[in-house]
Amino acid sequence: MHETRPAKITSPIVDLGGAHLKLMPIALIVGAIGVGLTYALYAFDLQRFSHIYLVNFAFVLTMCIGCLFFVTISHLTRAGWNVTVRRIAELYAQCLPVLFILFLPILIPLLFSNDGLYVWNQAGWSIDGASTTVIAELNEADAKLPPLEELKKAYLNKTFFAIRWVVYFCIWGGMATFFLRTSLKQDQTGDKKLTSRMQAFSAPAMIAFAASVVFSSMDLLMSLEPLWFSTMFPVYFFAGSVLSALALITLTCLYLQRTGRITDEVTVEHYHDMGKLMFGFVVFWGYIAFSQFLLIWYANIPEETFWYEYRMSLTDGWGVLSIILLVGHLFIPFLFMMGRTMRRNKNLLLIAVIYLLVMHWIDLYWLVMPQYDRAYAHAIEPDGMIQFGVRTLLCDAACTVGVLGLFAGIFFLIVGDKPLVTLQDPRLGEALNHEVH
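Here the structure is a predicted model, which is why all the values come from computation and not from measurement. (Residues numbered from 1 in each chain as written. Predicted model: local features only at pLDDT ≥ 70, side-chain atom pairs only at ≥ 80, totals over all residues. Heavy atoms only, no water.)

Turning next to the pattern of salt bridges. Applying the stated criterion across every chain, the model contains 8 salt bridges. For Glu 90, the salt bridge is made with Arg 86, and the minimal N-O distance between the two is 3.1 Å. Taken as a pair, Glu 90 and Arg 86 lie in helix H3 (residues 83-93) at a separation of 4 residues, close to a single helical turn. We classify Glu 90 as buried; its relative accessible area is 2%. Look at Arg 86 and you get buried, because its relative accessible area is 1%. The residue Glu 90 makes a salt bridge to Arg 87 at a minimum N-O spacing of 2.8 Å. Of this pair, Glu 90 and Arg 87 both sit in helix H3, 3 residues apart, roughly one helical turn. Taking relative accessible area as the criterion, Arg 87 reaches 0% and is therefore assigned buried. Ionic contacts of the salt-bridge type, sharing partners, join the residues Arg 86, Arg 87, Glu 90, Asp 187 and Asp 425 into one network. (Salt bridge = Lys/Arg side-chain N within 4 Å of Asp/Glu carboxyl O. Helix = DSSP H or I, 4+ residues; strand = E, 2+ residues; numbered from the N terminus. Buried < 20%, exposed > 50% of the residue type's maximum accessible area, 1.4 Å probe, protein only.)

Together, Leu 314, Val 320, Ile 323, Ile 324, Leu 326, Val 327, Phe 331, Ile 332, Phe 336, Leu 348 and Ile 351 line one region of the surface with nonpolar side chains, adding up to about 950 Å² of accessible area. Elements with a contribution of two residues or more to the nonpolar patch: helix H11 (318-336) and helix H13 (346-380). In terms of residues, the nonpolar patch owes the most to one element, H11, which gives 8 residues. As for its placement among the helices and strands, Leu 314 is situated in the loop between helix H10 (302-311) and H11. Using a relative accessible area of 60% as the deciding quantity, one classes Leu 314 as exposed. (Patch = residues over 30% accessible without salt bridge, like charges linked within 9 Å, V, L, I, M, F, W, Y side chains within 5 Å. Areas by Shrake-Rupley, 256 points an atom, 1.4 Å probe, with all protein chains shown as cover.)

So, on to the environment of Leu 16. The residue Leu 16 is located in the segment before helix H1 (18-41) in this model. A C-alpha to C-alpha distance of 7.9 Å links Leu 16 and Arg 261, two positions 245 residues apart in sequence. Setting aside chain neighbours within four positions, we find Leu 16 in contact with Leu 256, Arg 261, Phe 412, Val 415, Gly 416 and Leu 420. (Contact = heavy atoms within 4.5 Å.)

The terminal C-alpha atoms of helix H6 (residues 158-189), which comprises 32 residues, lie 46 Å apart, in line with the 46 Å expected from a rise of 1.5 Å per residue. Positive backbone phi, at 70°, marks Gly 190, one or two positions downstream of H6. (Expected span 1.5 Å × (residues − 1).)

As enumerated under the stated definition, the model contains 39 aromatic pairs in all. Ring centres 6.3 Å apart and planes at 55° place the aromatic pair Tyr 42 and Phe 44 in the tilted group. Overall, the relative accessible area of 2% leaves Tyr 42 in the buried class. What makes Phe 44 exposed here is its relative accessible area of 56%. Ring centres of Tyr 118 and Phe 161 lie 5.5 Å apart, and the angle between their planes is 50°; on these two criteria the pair is classed as tilted. One end of the pair, Tyr 118, is in the loop between helix H4 (95-111) and strand S1 (125-128); the other, Phe 161, is in helix H6, and 43 residues separate them in sequence. In terms of burial, Tyr 118 and Phe 161 fall into one category: buried. (Phe/Tyr/Trp six-rings, centres within 6.5 Å; stacked < 30°, edge-to-face > 60°.)

Further remarks concern H11. Helical periodicity: at 3.6 residues per turn, an α-helix aligns residues three or four positions apart in one direction. The end-to-end C-alpha distance of H11, which contains 19 residues, comes to 26 Å, matching closely the 27 Å that a straight helix rising 1.5 Å per residue would cover. Along H11, the sharpest change in direction is near 30° and occurs at Gly 328. (Bend = angle between axes of the 7 residues up to and from the residue.)

A few words on the confidence of the model for the chain. Predicted coordinates in areas of low pLDDT are best not read in detail. Averaged over every residue, the pLDDT of the chain is 89; the share at 70 or more is 90%. Overall, residues 129-139 carries pLDDT values under 50, and its contacts beyond four positions in sequence, including any with other chains, amount to 22 contacts. (pLDDT = per-residue confidence, 0-100.)

Where H3 meets helix H8 (residues 233-258), the axes come as close as 10 Å, and the angle between the chain directions of the two elements is 115°. Where H3 crosses over H8, the two elements pack in a sense that is right-handed. Contacts between H3 and H8 involve Val 85, Ile 88, Ala 89 and Tyr 92 from the first element and Leu 248, Ile 249, Thr 252, Cys 253 and Leu 256 from the second. In the contact of H3 with H8, the residues fall into 8 nonpolar, 1 polar and no charged. (Axes fitted to C-alpha atoms, helices over the stretch in contact; angles between N-to-C directions. Left-handed = near helix turned anticlockwise from the far one by under 90°. Nonpolar A, V, L, I, M, F, W, Y, C, P; charged D, E, K, R; others polar.)

One non-glycine residue, Ser 113, lies in positive phi territory at about 65°. With respect to the helices and strands, Ser 113 occurs in the loop between H4 and S1.

For the pair H3 and H4, the least separation of the axes is 6 Å and the interaxial angle reads 30°. Taken together, the axis directions place H3 and H4 in an arrangement best described as roughly parallel. Residues Leu 91, Tyr 92 and Ala 93 of H3 form the contact with H4, whose own contacting residues are Cys 95, Leu 96 and Pro 97. (Parallel < 35°, antiparallel > 145°, perpendicular 65-115°, else oblique.)

So, about the environment of Leu 367. Position of Leu 367 among the secondary structure elements: in helix H13. Note: C-alpha distance between Leu 367 and Trp 307 (60 residues apart in sequence) is 9.7 Å. Not counting residues within four places of it along the chain, the set of residues in contact with Leu 367 comprises Leu 221, Leu 224, Phe 233, Tyr 236, Trp 307 and Arg 311.

So, in structure tokens, the structure goes:
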């Protein structure tokens, strides 16, 4: 007969402490060196620096956004099984306000009318058939924009863009701070009313979260092609965010347990359910990606098809990456994560979550870098082929290591000496006794 565990934390270590906190300045220094080195190496091509930086910024931002969703939906649905892993998500979500600092290298050049990343920040831009052409010499006062461009210009301008991003970060930061502070307060007081308060807050917060994710996804990534349409893109963005967040939370739990932390509170049953959620979002991501492609292919409207046409081109090389993404982001994890055994094996699960995070990065690379290739690389390389030289790979890798280093430093700063599990949540007993049937 199964013995019911008391609602009590029994792990000897439930915080980072010690050496991990000493890693914070090291991570920040490594991050600053990585980003700075990339900037220096790309001094001759700052447009590429802007794009690869955007890829990596979007990578850490989407993981934190997914974690915020995980926390909010947990309270909204009164989920009890994940109480012992929810704190990890709360801590990652709390990184969101600080990530505004990492957003400044994108925002500040934009405010100074730099158009290296977003072509709509130029005086004039228009669409010409299947491709977007920047009209650099066009004087803004004399520009006579077609109706479509004129309509989008009312939304895509640097002032409104900056205001929107301040609002996004305020929403995300407000939500994350409320959930984490209230949860930490409950650790000290054990007040069960705080759970009801977080649940009541989660409903309106979810509405604000949904709106912010929709518009931020369009601003951050879809507006790289300012005249491209896809009402499904925010859902695609959301699916990738949640999938990467689930992988990050699982990866963190696995690492913490390997270092002797929260060994009793996160069980194989929790890993099993996290694996099921990841499997579900792998399918959901594939479903949304295919639906978006199918609708655009079926409608066959030039303003939409050019976005896929370039990414499917084998001549320019992006078609190969599209195939890698299709197989690697959908088919392989679908088959690998289908079995129950894999989800209950920590070693296999560790491989799976690292693989999913890599594929999420490649997905963002596929979303961002073709725009750079179309707008700038052809001017540098007349043959139009993607140049994946050693120098390029090293520069891109340095940027990735740099942004991840900064992100790790921010995470260590946020965590501090905070408990890595909730200590007195009223559903703690349910989580500790959670079993998958």
